[in-house]
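Listed below are the residues making up each chain.
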Amino acid sequence: MSFADRDGVIWFDGELVPWREAKTHVLTHTLHYGLGVFEGVRAYATDCPELGRSGPCIFRLQEHTDRLFRSAHILGMKMPWTKDVISEAQKTVVRENNLSEAYLRPMCFYGSEGMGLRAENLKTHCIVAAWEWPSYMSPEAKELGIKIRTSSYTRHHVNITMCKAKANGNYINSMLALKEALDSGCEEALLLDNEGYVAEGSGENIFIVKDDGIIYTPELTSCLEGITRDTIIRFANELGLEVREKRITRDEVYVAEEAFFTGTAAEVLPIREHDGRAIGSGKRGPITEKLQTMYFEQVKGRREQWPEWLTPAR
């Protein structure tokens, strides 16, 4: 089904409009030049009345909204709405579309008030949509893991684009890398930074586990500061596992005992093979499995810890 041809409603500049009527002009500035910001957010079904949780809950809503506004500030976009309004809009679209679980897409973009790089009087418009999107990868991938390849495309240099902004145009780089990986028979790409060190996947942060039992993840230079990444680091701390941020070379991933991606869409996704080389035993490792289990227990509302991470949508 086309994303333009669905039932339901979308929050658009402060109003709920029918899904099929949520349209912009073909001369919308962001469509031409890519300067916009967005978030990917998930709502999960919860059924734990003993912990006071039932119905759809949005995971780490405040953190996602905060990052959306940080992205806009970095790019110099003036936000016409407050954080509270955008957060409430996300709850509203889950509720009004009667979704028990959902993927949410808040996005802010420039309209058709002007054209050209020097365009003035551009207005920031905001939309929030929500729909069912059960799994980014096949359900089996969460257990069996995925195959990845090192991309020939380099991740952004920190002074070429604003890497801490989740900006629309930044993802051209991701799409090129991902297509290359898919065309080669892999499920995901691994991008290196401009110095040849591991950065991230096309839309995910990466972790590896070495034989010393320590979890390593790249420093946040040319990669996005992932909210799922932060969640996993906190879980590892709960388990007494050490997490170190450092530069990681491609061959360090080859010889890791375990490797996995994290992201709102991908969730916690094991990596079983990199550039034709098996990672560890060639399947999901025990630390990855434990962290993955904690993640799904958390988002489903089954853990007592971090109750502020779940916001009821109804």
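The structure displayed is predicted, hence computed values, not measured ones.

Reading guide: rules and limits
All residue numbers refer to position in the chain's written sequence, counted from 1. Local features in a predicted model are, by the rule used here, given only for residues with pLDDT of at least 70; side-chain atom pairs are given and counted only at 80 or more, and totals for whole chains, interfaces and linings are based on all residues. Heavy atoms from the whole structure form the basis of all side-chain values; hydrogens and water molecules are not counted. Here a strand is any run of E in DSSP of at least two residues, a helix any run of H or I of at least four, and the numbering for each starts at the N terminus. Residues are treated as being in contact if the distance between any of their heavy atoms lies within 4.5 Å. Only the contacting stretch of a helix is used when fitting its axis, a line to C-alpha atoms as for every element, and angles between N-to-C directions run 0 to 180 degrees. Under this scheme an angle from 65 to 115 degrees is roughly perpendicular, one under 35 degrees roughly parallel, and one over 145 degrees roughly antiparallel; angles in between are oblique. In a left-handed crossing the near helix is turned counterclockwise from the far helix by less than a right angle, and in a right-handed crossing that turn is clockwise. Just so you know the grouping, Ala, Val, Leu, Ile, Met, Phe, Trp, Tyr, Cys and Pro go in nonpolar, Asp, Glu, Lys and Arg go in charged, and all remaining residues, Gly too, go in polar. Only protein chains enter the area calculation, which uses a 1.4 Å probe; residues under 20% of their type maximum are buried, those over 50% are exposed, and those in between are partly exposed. Two strands are counted as paired when DSSP detects at least two bridges linking them. In summary, the pairing rule links any two rings of Phe, Tyr or Trp, Trp by its six-membered ring, whose centres are within 6.5 Å, and it sorts them by plane angle into stacked for under 30 degrees, edge-to-face for over 60 and tilted for everything else. A ring is scored as having a charge over it whenever the NZ atom of a lysine or the CZ atom of an arginine sits within 6 Å of its centre and within 35 degrees of its normal. Think of a nonpolar core as a cluster: buried Ala, Val, Leu, Ile, Met, Phe, Trp, Tyr and Cys residues, connected wherever their side-chain atoms sit within 4.5 Å. The length a helix should cover is 1.5 Å for every residue beyond the first. In this analysis a 1.4 Å probe is tested at points of a 1 Å grid over the protein atoms alone, and where it fits but cannot get out there is a cavity; an open set with protein on both sides within 12 Å along at least five of seven lines is a pocket; lining residues have an atom within 4 Å of a point. Grid points are joined across faces, edges and corners, and a volume is the space filled by probe spheres set on the points.

1. Description of the environment of W309
At step 1: With respect to the helices and strands, W309 occurs in the loop between α8 (286-299) and β17 (310-312).
At step 2: The contacts of W309, once residues within four sequence positions are left out, are I58, F59, R60, E63, T231, R234, F235 and Q298.

2. What about the packing of helix α6 (residues 227-238) against α8?
At step 1: Relative to each other, α6 and α8 sit at 115°, their axes nearing to 10 Å. Put simply, α6 runs roughly perpendicular to α8. The hand of the α6/α8 crossing is right-handed. Contacts from T228, T231, I232, F235, A236 and E238 of α6 reach α8 at L291, M294, Y295 and Q298.
At step 2: Here the residues of the contact of α6 with α8 are counted per class, giving six nonpolar, three polar and one charged.

3. Some remarks on the pairing of strand β11 (residues 205-209)
At step 1: Most of β11 sits out of view: five of its five residues are buried.
At step 2: In β11, alternate side chains face the same way, and those of N205, F207 and V209 on one face and I206 and I208 on the other are all buried.
At step 3: Two elements, β11 and strand β14 (residues 258-263), share five bridges in a ladder whose sense is antiparallel. Bridged to I206 within β14 is F261.
At step 4: Taken together, the two bridges between β11 and strand β12 (residues 215-217) define a ladder with antiparallel strand orientation. Looking at the pairing, I208 lines up with Y216 of β12.
At step 5: Here β11 folds back onto β12 in antiparallel fashion, the turn holding five residues, of which G213 has a positive phi close to 80°.

4. A word on the packing of aromatic side chains
At step 1: All chains considered together, the criterion is met by 13 aromatic pairs.
At step 2: Both rings, one in F12 and one in F109, keep their centres 6.3 Å apart while their planes meet at 65°; by these two values the pair is edge-to-face. Placement of the pair is F12 in strand β1 (residues 9-12) and F109 in strand β6 (residues 102-110), with a sequence separation of 97 residues. Residue F12 shares its accessibility class with F109, and that shared class is buried.
At step 3: What links up through ring pairs into an aromatic cluster is the set F59, F235, Y295, F296, W306 and W309.
At step 4: In this arrangement the basic side chain of R6 is found over the ring face of F3, its NZ or CZ atom lying 4.1 Å from the centre.

5. Quick look at the nonpolar core
At step 1: Ranked by internal contacts, the top residues of the largest apolar core, which has 23 residues, are W11, I58, V94, A102, L104 and A130.
At step 2: Counting residues per element, the ones that place at least two in this core are β4 (41-48), α2 (61-75), α3 (83-96), β6 and β7 (124-131).
At step 3: Those residues within four positions of L104 in sequence are excluded, and the remaining contacts are E39, G40, V41, R42, A43, I58, Q90, V93, V94, A129 and A130.

6. Considering α6
At step 1: The end-to-end C-alpha distance of α6 is 17 Å, a good match for the 16 Å that twelve residues give at a rise of 1.5 Å each.
At step 2: Here α6 has its buried residues at I227, T228, R229, T231, I232, I233, F235 and A236.

7. Looking at the layout of surface pockets
At step 1: Put simply, the largest pocket is a space of about 800 Å³.
At step 2: As for the largest pocket, its lining consists of 35 residues, of which F38, K166, Y171, S202 and G203 are closest to the centre.
At step 3: The element best represented in the lining of the largest pocket is helix α5 (residues 171-183), accounting for five residues.
At step 4: Across the lining of the largest pocket, the residue classes tally to 15 nonpolar, 14 polar and six charged.
At step 5: When its volume is computed, the second largest pocket comes out at roughly 640 Å³.
At step 6: Around the second largest pocket, the lining is made up of 20 residues, and of these I10, A22, R105, M107 and I127 lie nearest the centre.
At step 7: Elements represented by at least two residues in the lining of the second largest pocket include exactly β1, α1 (29-33), β6 and β7.
At step 8: Its residues assigned to classes, the lining of the second largest pocket shows 13 nonpolar, four polar and three charged.

8. Some points on α8
At step 1: Taking 1.5 Å as the rise per residue, α8 with 14 residues should run 20 Å; its terminal C-alpha atoms sit 20 Å apart, in good agreement.
At step 2: Those residues of α8 not exposed but buried are I287, T288, L291, Q292, M294, Y295, F296, Q298 and V299.
At step 3: After α8 finishes, the residue G301 shows a positive phi value of roughly 80°.

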